[in-house]
Each structure stands twice: as structure tokens, then as C-alpha cells.
Amino acid sequence: MNPATKQILVIGGGISGLSAAVDLARLGLAVILVEHSASLGGHAAHLSCKAADRCVACGACMVEEKIREADTHDAVQIFLNTRIEKIDRHNRFDVTLNQNGQCRHVSVDAVLLATGFTPFHPVNKPYGYGRFENVMTNLELDQMMRRNGAIKRPSDDEFPGNMAFIQCVGSRDSSLGHLWCSKICCGAALRMARCIQHRQPEVKATFFYIDVQNFGKNFQTYYADAQQKVQLIRSIPADVLKTADDRLKLSYFDPDTHAYQESVFDMVILSIGLMPSESTRDLAAMLNIDMAGYSFEQKSALLRPPDGVFIAGTALEPMGIAESTLSAGKAAGDIFHYLKNHDTDIR
Ligand SMILES: Cc1cc2nc3c(=O)[nH]c(=O)nc-3n(C[C@H](O)[C@H](O)[C@H](O)COP(=O)(O)OP(=O)(O)OC[C@H]3O[C@@H](n4cnc5c(N)ncnc54)[C@H](O)[C@@H]3O)c2cc1C
Ligand code: SF4
Ligand code: SF4
């Protein structure tokens, strides 16, 4: 038997699943890539380029390249709009796929979960999300920038004069039991603030934070730049209220004056965190992995999956695009070694 007769099921067509599929195919293995939505790329496909006067290595453009590579590789079979109905473990994994109501059975030698994360939904935080049009999430801001190439206030289509970024929304929050840092949101917000200021020089940006998480390539360069151009306030606002003239008032404890302050902004951006995805739990249950108490902090079940099951990318923990591709590469290597140890014909 040669490696091409070994078939791997990759679940999730985000950057992690795509990278793993391409790496596995390059190792000579046959890949079935299953994505339950209508398109490939996952969350990263909605992010905008954050270049200011030069590339800031945000990684967003890696996604299109990976989609093209996976799409054009003969050894990767892609199923969109497809759900995993059932996984039975015998010698191999017998998997039932459901594509738009049509069932199909496949038999695979290993399964990779690349099911990604779920963005935190901030509706219950005291920041007016869902009530005030000009309070948006960082993901929505990225989508607006990607669509229009500029930022305007949703309420009146006017350019904002000043914007506040509130960090750690849904992460590092003991009241929610979410103690983990989502890792990507400090870097993403600072890059985005500088990108907006480059395109719309009239915008003043203020960044409310706990600490700045050093993340991604060139961090020190753009952090030094952001320190010059973005107002950094080490405090998390208590709430956001709407003013009579349709602006947004934030109250916060000012660490410099040791007093409560109020500031008014045209837009407020919530840097929402990365949450474990329900999909990962459901699939783990199909694979008999005990997920009791699982979170990004309590992920021991996923660190020791059963033989033949592998996990990559943000299904495991928060990470950025470049790190997701590394995690996928490691999983592809682990799968190859697992198959090699279970089949002497692979060398
Ligand atoms: C606002 C925001 C800004 C960000 N900015 C940056 C940045 O500037 N730079 C950076 O490096 N990173 C950034 N990130 C992080 C980046 O989005 C992630 O690193 C990346 O998306 C992780 O890819 P993934 O494949 O692990 O997960 P995902 O992107 O979540 O992809 C998972 C895929 O699996 C599919 N899926 C899930 N369950 C199933 C199932 N049961 N069956 C089939 N398919 C399934 C999903 O539909 C999805 O396509 C940002 C994230 C956010 C939220
Ligand atoms: S890495 Fe990011 S900033 Fe650089 S070109 Fe690509 S999308 Fe733009
Ligand atoms: S990366 Fe920054 S904003 Fe995101 S959770 Fe960590 S400290 Fe908070």
C-alpha cells in the first residue's frame, strides 16, 4: 500500500484545516476536507489587510493563497455545505457525511479536527452592543474595512473623528469564567487603529486595555509606532452610554489621576475574544473524547486524543493565522508518523 491509499479526514476549512490539507497532500496522502459552511477560509477570510504605509504582517492575505493551494491540489477533495453525521471507529473511521441532505460514507485512516473558534458574543456586556449602532465588534470593523476600504459610523454614514477600542471583551474575565487571553486581539486592534489613521488621518484612536499582549511578527515596530499615535489608557471602561447628540460616553478609572473620568467617542470597538467552538465539543463526543469541564484553559482532553485523532489551530487554543499554519503543519507531521507506525509500507 502506498501513502496515497491512506485517506485523512480534515474537519474544518479555515486556515488550519486548509494548511493541514495542503501539507498532508504534499506528504503524498489523500485528503477529504469537510467544511460545513458554503465557503472556505473560516474567520480569517473576513479579515482586512491592515497595512498602513507598509505591510504589518497581519497574515490575512495568507488565506486566499491557502484556499487556492487546497483547491488546486489533486489529492484534496473538498466538500462544502457538509456536516459530519456520524463517526464509527472500527479498524478505520467510518464517517457519514451529509451534504445538503445527501448522505455519503467514507472510510478514513485518521481524523483531524480543525474546527476553529467561536467569537464571543458581547450582548450581555455593559457596552451597548446590539442597542447602539456605533458600538461594533472588531470582527465587524474588519468586515467594514474589507468591504469599503474606510470606516464610517453605521448610524449616519459619517466618518468618525475619534474611536475607542475596548480590549479583553469576553477574555480574561473572571465573571464569565473565561480566564484565558485570546492572544490576537491586542495586536489586531493596534494594527487596525494605525491602518485607519493612515487612511483617515483625522481619526483619533484611544485603546483601553489591561496589558498589551505581544503577538505576531514585527510587534515591537508597530507597537512603538502605536505608542506615538494612539492614546493608550490602562483601564477597562465600566460602561458605554449614548449621548443626546448620538455619540458614546465611556466612564473609566484613570490610572494617572486615580479618579473616574468620562470621554466621548464617535465609535466604540469591542475587541471580542476567541471562545471554544460547540462544534469541537460535538465532534469530540462522536469520537468518545470526554469533554467535561473543557475550556481553552482546561483542554487536557484535547491534548491526549484517542489514537488516530488529531487537533490543530484554534480548535485547541487561541492563536493567530501564522501560528495556526504552524499548528496545522505539526498535526500533518504527527499524522504522517502515526500512519507510518501503523503501516510499514509508508517510508
Ligand atoms: C476580530 C479578529 C481579528 C483577527 N485578526 C487577526 C490578525 O490580524 N492576524 C492573525 O494572525 N489572526 C487574527 N485573528 C485570528 C484568526 O482569525 C485565527 O487565527 C484563524 O481564523 C484561525 O483559523 P482556524 O482554522 O483555526 O479557525 P476558524 O477560522 O474558526 O476556521 C474553522 C473552520 O471550521 C469550520 N467548521 C467548524 N466546525 C465544523 C464542523 N463541525 N464541520 C465542518 N466544518 C466546521 C468553520 O466553518 C470554519 O470554516 C483575528 C480574529 C478575530 C476574531
Ligand atoms: S500580511 Fe496583512 S498587512 Fe501585509 S499585505 Fe498581507 S494582509 Fe496586508
Ligand atoms: S490579546 Fe489583549 S485584548 Fe486579547 S485577551 Fe489578551 S490581553 Fe486581552
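Engineer: I'm lost on empty space enclosed by the protein in this one. Help?
Structural biologist: Over the atoms a probe the size of a water molecule is rolled, and this reveals where empty space is left. Per the counting criterion, the structure on display carries two cavities of 30 Å³ or more. Surrounding the largest cavity, Gln167, Cys168, Ser171, Arg172, Cys181, Ser182, Lys183, Ile184, Cys185, Cys186, Asp211 and Gln213 form its lining. Of all elements in the fold, only strand S10 (162-169) and helix H4 (185-199) reach the threshold of two or more residues within the lining of the largest cavity. For the lining of the largest cavity, a count of residues per class yields five nonpolar, four polar and three charged. Computed from the structure, the second largest cavity encloses a volume of approximately 40 Å³. Forming the walls of the second largest cavity are Asn138, Leu141, Asp142, Phe165, Cys185, Ala188, Ala189, Met192, Ile269 and Ser271. Broken down by secondary-structure element, the contributors of at least two residues to the lining of the second largest cavity are helix H3 (138-148), H4 and strand S16 (267-272). Top contributing element to the lining of the second largest cavity by residue count: H4, with four residues.

Engineer: What should I look at first to understand the packing of aromatic side chains in this one?
Structural biologist: How two aromatic rings sit relative to each other is given by the distance of their centres and the angle of their planes. For the coordinates displayed, the defined rule picks out seven aromatic pairs. When the centroid spacing of 5.5 Å and the interplanar angle of 70° are considered together, the rings of Phe253 and Tyr260 count as edge-to-face. Put simply, the rings of Phe208, Tyr252 and Phe265 touch in pairs and so form one group of aromatic residues.

Engineer: I keep staring at the site of ligand 1 and nothing clicks. Help me out?
Structural biologist: Near ligand 1, the surroundings consist of 32 residues, among which Ser16, Glu35, Thr314, Met319 and Ile321 are the closest. A distance of 2.7 Å is found between an oxygen atom of ligand 1 and a backbone nitrogen or oxygen belonging to Met319. Alone, ligand 1 offers 1,000 Å² of accessible surface; in the complex the protein occludes 95% of this. In this structure, ligand 1 is accommodated by the largest pocket. Counting residues per element, the ones that place at least two in the shell around ligand 1 are helix H1 (15-26), H3, helix H6 (278-286) and helix H8 (321-342). Considering only residue class, the shell around ligand 1 consists of 15 nonpolar, 15 polar and two charged. A domain-level breakdown of the shell around ligand 1 finds at least three residues from each of domain 1 (3-116 + 277-342) and domain 2 (120-273).

Engineer: What am I meant to see in the pattern of salt bridges here?
Structural biologist: Opposite charge on two side chains permits them to pair, given that their charged atoms come into close proximity. Counted by the stated rule, this structure contains 22 salt bridges. With a closest N to O distance of 2.5 Å, Arg194 and Asp225 form a salt bridge. A residue pair is termed long-range when its members are at least 10 positions apart, and Arg194 in helix H4 and Asp225 in helix H5 (residues 219-229) qualify at 31 residues. We classify Arg194 as buried; its relative accessible area is 14%. A salt bridge links Asp334 to Lys330, with the nearest nitrogen and oxygen atoms 2.7 Å apart. Of the two residues, Asp334 and Lys330 both sit in helix H8, four residues apart, roughly one turn of that helix. Exposure remark for Lys330: the relative accessible area of 56% places this residue in the exposed category. Each member of the salt-bridge network shares a partner with another, and the members are Arg153, Asp156, Lys242, Asp246, Arg247 and Asp266.

Engineer: Help me out: how do you make sense of the sheet that holds strand S2 (residues 30-34) in this one?
Structural biologist: Within a sheet, neighbouring strands are paired by backbone hydrogen bonds and run either parallel or antiparallel to one another. The strand order S3-S2-S1-S7-S18 describes an open sheet built from five strands, whose pairing is parallel. Each end of this open sheet is capped by a strand with a single partner; those strands are strand S3 (76-79) and strand S18 (309-311). Within this sheet the neighbouring strands show an average axis-to-axis angle of 20°, counted without direction. Pairing analysis gives five bridges linking strand S1 (residues 7-11) to S2, with the strands arranged parallel. Directly across from Ile8, in S2, lies its bridge partner Val31. Across the face of the sheet, H8 comes into contact with S1, strand S7 (110-113) and S18 while running at roughly 165° to S18.

About the thresholds
- Residues numbered from 1 in each chain as written.
- Chains lettered and ligands numbered in written order.
- Predicted model: local features only at pLDDT ≥ 70, side-chain atom pairs only at ≥ 80, totals over all residues.
- Heavy atoms only, no water.
- 1 Å grid on protein atoms, 1.4 Å probe; cavity = no way out; pocket = protein on both sides within 12 Å on 5 of 7 lines; lining within 4 Å.
- Points joined across faces, edges and corners; volume = space filled by probe spheres on them.
- Helix = DSSP H or I, 4+ residues; strand = E, 2+ residues; numbered from the N terminus.
- Nonpolar A, V, L, I, M, F, W, Y, C, P; charged D, E, K, R; others polar.
- Phe/Tyr/Trp six-rings, centres within 6.5 Å; stacked < 30°, edge-to-face > 60°.
- Near = heavy atom within 4 Å.
- Polar contact = N/O pair within 3.5 Å; in protein donor to acceptor, adjacent residues only side chain to side chain.
- Areas by Shrake-Rupley, 256 points an atom, 1.4 Å probe, with all protein chains shown as cover.
- Sits in = over half its atoms within 2 Å of the grid points.
- Domains from an automatic or database assignment.
- Salt bridge = Lys/Arg side-chain N within 4 Å of Asp/Glu carboxyl O.
- Buried < 20%, exposed > 50% of the residue type's maximum accessible area, 1.4 Å probe, protein only.
- Pairing = 2+ DSSP bridges.
- Axes fitted to C-alpha atoms, helices over the stretch in contact; angles between N-to-C directions.
- Contact = heavy atoms within 4.5 Å.

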